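The residues making up each chain are set out below.
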Amino acid sequence: MKKGIIILFAATLGLAACNNYKKGPGGLVYQIHKDGGNEKIKEGDVIKVNFIQKSEKDSVMFNTYDVGQGQIFPVGKMAYPGDMNDVLFLFGEGDSATFKLNLDTMAKNTGQPKPPTNAKDTYLIFTVKIEKVFKKGANEADSTFQKRAQEFFQKDYLAGVAKMKDAEAGKIKKFVGDSNLKLQTSPSGLQYVITTPGGAVKPLPGDTIKLKYTGKLLTKKSDGKDNVFDTTDEKVAKDAGIHNAMAQYAPRAFTVGNAIPGFDEGVQLLGKGGKATLLIPSSLAYGEGGQPQAKIGPYSPLYFDVEVVDIIKPKAGATIAPPPPPVVKK
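The structure presented is a predicted model; accordingly, all values stated were derived computationally and were not measured.

Colleague: Any chance you could explain the overall build of the protein chain here in plain terms?
Modeller: When its secondary structure is counted, the protein chain shows 7 helices and 14 strands. Here the protein chain holds 330 residues, and the buried ones make up 39% of them. Considering only contacts within the protein chain whose residues lie at least 6 apart along the sequence, 68% involve residues at least 24 apart. A total of about 18500 Å² of accessible surface is found on the protein chain, and carbon and sulfur atoms cover 56% of it.

Colleague: How should I be thinking about the nonpolar core in this particular structure?
Modeller: Soluble globular proteins tend to bury their nonpolar side chains together. Counting 25 residues, the largest nonpolar core has Leu 211, Phe 263, Leu 278, Ile 280, Leu 302, Phe 304 and Val 306 as the members making the most contacts within it. Breaking this core down by element, the ones donating at least two residues are β10 (208-217), α7 (261-267), β13 (275-280) and β14 (302-312). With 5 residues, the top contributor of residues to this core is β14. Those residues within four positions of Ile 280 in sequence are excluded, and the remaining contacts are Leu 190, Ile 260, Gly 262, Phe 263, Ala 285, Pro 301, Leu 302 and Phe 304. One finds Leu 28, Val 49, Phe 51 and Phe 91 within the second-largest nonpolar core, a separate group that totals 20 residues.

Colleague: Just checking my understanding: could you explain helix α4 (residues 103-110) for this structure?
Modeller: Residues lying three or four places apart along an α-helix face the same way, a consequence of the helix completing one turn every 3.6 residues. Structurally, the start of α4 carries an N-cap: the backbone nitrogen of Asp 104 is 2.9 Å from a side-chain oxygen of Asn 102. Downstream of α4 by a residue or two, Gly 111 has a phi angle that is positive, lying close to 75 degrees.

Colleague: How do you make sense of helix α5 (residues 142-179) when you look at a structure like this?
Modeller: The end-to-end C-alpha distance of α5, which contains 38 residues, comes to 52 Å, matching closely the 56 Å that a straight helix rising 1.5 Å per residue would cover. Where α5 bends most, the angle comes to about 40 degrees, and this point is Ala 167. Where α5 terminates, the next one or two residues include Asn 180, which has phi positive at roughly 55 degrees.

Colleague: Sorry, what's going on with the pattern of salt bridges here?
Modeller: Pairing of side chains with opposite charge becomes possible as their charged atoms draw close. Scanning all chains against the criterion turns up 17 salt bridges. For Lys 40, the salt bridge is made with Asp 95, and the minimal N-O distance between the two is 3.6 Å. Placement of the pair is Lys 40 in the loop between β2 (29-34) and β3 (46-54) and Asp 95 in the loop between α3 (84-88) and β6 (96-102), with a sequence separation of 55 residues. Salt bridges sharing common partners tie together Glu 39, Lys 42, Asp 45 and Lys 135.

Colleague: Which parts of the structure should I look at to understand the layout of surface pockets?
Modeller: Space left empty within the atom packing is revealed by a probe, the size of a water molecule, rolled over the atoms. Estimates place the volume of the second largest pocket at around 560 Å³. Taken together, 21 residues form the lining of the second largest pocket, with Gly 68, Gln 69, Gly 70, Tyr 157 and Met 164 sitting closest to its centre. Of all the secondary structure elements, the ones that give two or more residues to the lining of the second largest pocket are β5 (71-74) and α5. Broken down by element, the residue count for the lining of the second largest pocket peaks at 7 residues, all from α5. When its residues are assigned to classes, the lining of the second largest pocket shows 10 nonpolar, 7 polar and 4 charged. The two domains that each donate at least three residues to the lining of the second largest pocket are domain 1 (22-159) and domain 2 (182-312).

Colleague: Would you mind showing me how to read the pairing of strand β4 (residues 60-63) here?
Modeller: Working note: regular strand, side chains alternate between the two faces of the sheet. Of the pairings in the sheet, the one linking β3 to β4 comprises 3 bridges and is antiparallel in character. Residue Gln 53 lies in a different strand from β4, and its bridge partner there is Phe 62. From the end of β3 to the start of β4, which pair antiparallel, there are 5 residues, and Asp 58 there has a positive phi angle of about 75 degrees.

Colleague: Before we go on, may I ask you to explain the environment of Tyr 123 in this structure?
Modeller: Structurally, the position occupied by Tyr 123 is in strand β7 (residues 123-134). For the pair Tyr 123 and Thr 105, spaced 18 residues apart in sequence, the C-alpha to C-alpha distance is 9.6 Å. Those residues in contact with Tyr 123, other than ones at most four positions away along the chain, are Gly 27, Val 29, Glu 56, Lys 100, Leu 101, Asn 102 and Leu 103.

Colleague: How do you make sense of unusual backbone geometry when you look at a structure like this?
Modeller: At Asn 139, a position not held by glycine, the phi torsion is positive, near 60 degrees. Along the chain, Asn 139 falls in the loop between β7 and α5. On the accessibility criterion, Asn 139 (86% relative accessible area) is exposed.

Calculation criteria
- Residues numbered from 1 in each chain as written.
- Predicted model: local features only at pLDDT ≥ 70, side-chain atom pairs only at ≥ 80, totals over all residues.
- Heavy atoms only, no water.
- Helix = DSSP H or I, 4+ residues; strand = E, 2+ residues; numbered from the N terminus.
- Buried < 20%, exposed > 50% of the residue type's maximum accessible area, 1.4 Å probe, protein only.
- Contact = heavy atoms within 4.5 Å.
- Areas by Shrake-Rupley, 256 points an atom, 1.4 Å probe, with all protein chains shown as cover.
- Core = buried A, V, L, I, M, F, W, Y, C linked by side-chain atoms within 4.5 Å.
- Polar contact = N/O pair within 3.5 Å; in protein donor to acceptor, adjacent residues only side chain to side chain.
- Expected span 1.5 Å × (residues − 1).
- Bend = angle between axes of the 7 residues up to and from the residue.
- Salt bridge = Lys/Arg side-chain N within 4 Å of Asp/Glu carboxyl O.
- 1 Å grid on protein atoms, 1.4 Å probe; cavity = no way out; pocket = protein on both sides within 12 Å on 5 of 7 lines; lining within 4 Å.
- Points joined across faces, edges and corners; volume = space filled by probe spheres on them.
- Nonpolar A, V, L, I, M, F, W, Y, C, P; charged D, E, K, R; others polar.
- Domains from an automatic or database assignment.
- Pairing = 2+ DSSP bridges.

As structure tokens, then:
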């Protein structure tokens, strides 16, 4: 009896949630979670938005919270009823909402087929928070407005970066404590655990090494999964939602001396067959700039599990080629 009541209650909640969605043009449906009561977004406004983009099967495709930076862009003219700009006109600064863009409407009006990852879906789903709406003043020249917007968001960005810098040491301390890692620290600040030393011969700058590895950020993703940004393990890539059909998931070749400093230092501690965990502070990684392509934000410490599969010494007179860039899902 109790089980039946629980199921009925859950079904009622699900129906209520569906009924809270409003219908818009072009097959759009949306639900406003919080209305800040501010003036709605208009064409030409410059906005800062945090959002989570999902498929209809609830697979997270992109999440600005995972990289600690909202996206900033000018709002354009509506191209067709129910497009992205048409949706934004429903919201104002401080609002949060979920909306579902109809993929059939998008394909019909743009002439572009549905993305392969959404071929069976009806909707592309966004949960957004409008952090800032920067509006043009009455009779303000375009050049003046653009300069004022650029200065505002540059200041906002630098303030965010400063917070990330201040938070890095605490982030590392918490991760080490939560993971119960017994790390050694080198003079440079690299922290590491060697689980298998490997052979006696260690790689030197200019050597080519073949590695199995997985790199991740220290903070979990919003769905609780590890925040993996690159890996040679296909299963890990699929589980992390970063699988790239064009990538070769096998030991990858690197030239020692061409990677980030902490990674170069760490792999030189290992011989062939060696395995280690590397915790690399941002000063030995991508620093203040981060690595946007790999969704690595400013002042982000990195964590790697690495295994040296082979060490190849360069032939006399050979030209050393740079390693491939990290594999990033497009």
